[in-house]
Amino acid sequence: MAYDDQNIFAKILRGEIPCQEVYQDDHVLAFNDIAPQAPVHILVIPKGAYISIDDFGVNATPEELKAFYSAIDKIVSDKGLKEAGFRCIANTGENGGQEVPHFHMHILGGKKIGPMVSS
Ligand code: AMP
């Protein structure tokens with residue numbers, strides 16, 4: 001599957017659509033989810049054109065990988081989520097419920113997040 005550069009996160013990265021920015025560096029952008037499912041609900045995305053977690057994991061450079069997971073560490077520290085804990089979710093493909101075909105990691109926290117999957 002080819003990367004669709006008209007997806008909404010690609011538009012956010014190009015500045016065509018606004019976002020509530022939480023963090024940014026050379027390789028990563030993080031912003032608040034527009035429809036939060038928890039008191040803290042942040043989306044972390046690579047700036048590179050990666051469709052999914054598996055695409056990113058296999059094709060990203062070591063610098064991009066380090067920057068991505070370092071950004072998550074910085075965000076959860078800054079938001080005070082480390083002690084109580086948090087959940088990261090990377091919905092992938094149709095069965096995973098992925099709506100936006102640009103890899104993104106949800107960070108959810110600020111309350112008990114509940115069951116891992118809905119029944
Ligand atoms: P997923 O189902 O994993 O692809 O999640 C996509 C997420 O993107 C959902 O939680 C949406 O609420 C969120 N979302 C969609 N459009 C925007 C936007 N413009 N700004 C922030 N979050 C968005």
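Please refer to the structure higher up on the page.
Residues numbered from 1 in each chain as written. Predicted model: local features only at pLDDT ≥ 70, side-chain atom pairs only at ≥ 80, totals over all residues. Heavy atoms only, no water.

**Things to note about the sheet that holds strand E3 (residues 40–46)**
Next up, step 1: Reading across the sheet, the 5 strands line up as E1-E2-E3-E5-E4 and stay open at both edges, with antiparallel pairing between neighbours. Each edge of the open sheet is held by one strand with a lone partner, namely strand E1 (21–24) and strand E4 (86–89). For this sheet, the mean angle separating the axes of adjacent strands, direction not counted, is 20°.
Next up, step 2: In terms of strand pairing, strand E2 (residues 28–32) meets E3 through 5 bridges, oriented antiparallel. What sits directly across from Phe 31, in E3, is Leu 43. (Pairing = 2+ DSSP bridges. Helix = DSSP H or I, 4+ residues; strand = E, 2+ residues; numbered from the N terminus. Axes fitted to C-alpha atoms, helices over the stretch in contact; angles between N-to-C directions.)

**Comments concerning the site of the ligand**
Next up, step 1: The ligand sits among 16 residues. The nearest are Asp 33, Asn 91, Glu 99, His 104 and His 106.
Next up, step 2: One of the side-chain nitrogen or oxygen atoms of His 106 is found 2.8 Å away from an oxygen atom of the ligand.
Next up, step 3: Elements with a contribution of two residues or more to the shell around the ligand: helix H1 (8–13) and E2.
Next up, step 4: Among the elements that take part in the shell around the ligand, H1 stands out by supplying 3 residues, more than any other. (Near = heavy atom within 4 Å. Polar contact = N/O pair within 3.5 Å; in protein donor to acceptor, adjacent residues only side chain to side chain.)

**Focus on the environment of His 106**
Next up, step 1: Counting through the fold element by element, His 106 comes out in strand E5 (residues 105–109).
Next up, step 2: For His 106, a relative accessible area of 12% puts it in the buried group.
Next up, step 3: His 106 sits 34 residues away from Ile 72 along the chain, and the two C-alpha atoms are 9.8 Å apart.
Next up, step 4: Leave out the neighbours within four places in its chain, and His 106 touches Asp 33, His 41, Ile 42, Leu 43, Arg 87, Cys 88, Ile 89 and Asn 91.
Next up, step 5: A polar contact is formed between the side chain of His 106 and the side chain of His 41, at a distance of 2.8 Å. (Buried < 20%, exposed > 50% of the residue type's maximum accessible area, 1.4 Å probe, protein only. Contact = heavy atoms within 4.5 Å.)

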